Amino acid sequence: MRETAVTGDMVQEFGTGFLRTTIHRTDQGYLWIRRAGPLRGSALVGPSDEVRTAITAMAAGEVALVLPRATTSGALGYEVTGEVPLVRMVLTARTEADHRGLVPVLRGVGGALRRLHAEVDPLLAAPGPPGPARLAAWMDRGNGPGAARELHVFMRRRLGAARWQRVRAWCDRLAGGEASDVFLHGAPGSGTTVLGGGGRCSALLTGEDHARGPRGFDVGWLLGELAELRIFRSRAVTGGTPRSAAEDRLSAALLEGYGKLTGEGEAVGQAAVLRMLTHAHDFATYVRWDAELEHYGDALTSLIDEGGMGLVPSGI
């Protein structure tokens, strides 16, 4: 894999004990450098040559699937045209017009995921996305840095044995692999969706987490994150105001861009719940304990009972 030199002025830096990101301005746009955080315990690994070739050969769309290069600093570098992640715009959206402006991006992400699922051979990846695998290991052992054990004790008590085992079984189901599996992005998110600068194409950073699994996983993973952002924003910004039709439109746009997911409702709902619990784990482990994590426990109780179907738009 060709190495990319880290050049240009650094304009942003952020991250956790799991993952660190720096953004550098270059002559062509921006270089996003992602590297393992100090508590992660393993380096980031980019895609194989076979995966790189398959994704590079895909048809273009509204949102580009951007692959990383190894950098001279031992991290992964993504060359994109913008510096603003989608998550920032979702959290700061206030008006109908703000949300309407994000609809094409979510629609484009849905289309990019559909093409990835349809055009890349699933046998190029091992079964089981890394997020649920990380969650399963923590559920079994309860150890880890930061507040990992504290969260483990709290969540086991809050969710109860039956819900705990149900979620654990969802993780096992993903790890096993099925004949109908597709090639997955593995962890599509608003933090790795980069808005295009100067009116150019937005990008979805791709290649660190690919796996094979059910078609509904990638969509559900991102729907779970959108639900999290909505919950956080309603509690922190609007004092608990119920979600709006404008916010729901973002989830609908993702599904519109992806197209039909008939029969995948169960996979979508389970992935959405797994995304929320994995994020709770990662925050407690790699950032800190926060009282907001107790609200995750409250929300997850009912979501697990219904298999996450409350997060699944109608029509799936």
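Going by the structure above, here's the rest.
On a predicted model such as this, the values are computed, not experimentally measured, just so you know.

(A) Highlighting the sheet that holds strand β8 (residues 84–85). The strand order β5-β11-β10-β8 describes an open sheet built from four strands, whose pairing is mixed. If you trace the sheet from one side to the other, it starts and ends with β5 (63–66) and β8, each paired once. Pairing analysis gives two bridges linking strand β10 (residues 193–195) to strand β11 (residues 202–205), with the strands arranged antiparallel. Considered in β11, the bridge of threonine 193 is made with leucine 204. Contacting β5, β10 and β11, helix α3 (residues 96–119) crosses the sheet at an angle of about 50 degrees to β5.

(B) Molecular detail of the packing of aromatic side chains. Under the definition given, this model contains five aromatic pairs. Note on phenylalanine 18 and tyrosine 286: the rings are 4.9 Å apart at their centroids and 40 degrees apart in plane angle, and the pair reads as tilted. With phenylalanine 18 in the loop between β2 (9–15) and β3 (19–25) and tyrosine 286 in helix α8 (residues 265–286), this pair connects stretches of sequence that are 268 residues apart. The two residues phenylalanine 18 and tyrosine 286 agree in class, both being buried. Residues phenylalanine 154 and tryptophan 289 carry aromatic rings whose centres are separated by 6.0 Å and whose planes lie at 80 degrees to one another, so their mutual orientation is edge-to-face. In this pair, phenylalanine 154 sits in helix α5 (residues 148–176) while tryptophan 289 sits in the loop between α8 and α9 (292–305), placing the two residues 135 residues apart along the sequence. Judged by its relative accessible area of 13%, phenylalanine 154 is buried.

(C) Molecular detail of α5. Here α5 spans only 26 Å end to end across 29 residues, well under the 42 Å set by a 1.5 Å rise per residue. Glycine 160 marks where α5 bends most, by close to 110 degrees. Among all positions of α5, only Ala148, Leu151, His152, Phe154, Met155, Leu159, Trp164, Val167, Arg168, Trp170, Cys171 and Leu174 are buried. Two residues or fewer past α5, glycine 177 is found with a positive phi of approximately 85 degrees.

Rules and cut-offs
- Residues numbered from 1 in each chain as written.
- Predicted model: local features only at pLDDT ≥ 70, side-chain atom pairs only at ≥ 80, totals over all residues.
- Heavy atoms only, no water.
- Pairing = 2+ DSSP bridges.
- Helix = DSSP H or I, 4+ residues; strand = E, 2+ residues; numbered from the N terminus.
- Contact = heavy atoms within 4.5 Å.
- Axes fitted to C-alpha atoms, helices over the stretch in contact; angles between N-to-C directions.
- Phe/Tyr/Trp six-rings, centres within 6.5 Å; stacked < 30°, edge-to-face > 60°.
- Buried < 20%, exposed > 50% of the residue type's maximum accessible area, 1.4 Å probe, protein only.
- Expected span 1.5 Å × (residues − 1).
- Bend = angle between axes of the 7 residues up to and from the residue.

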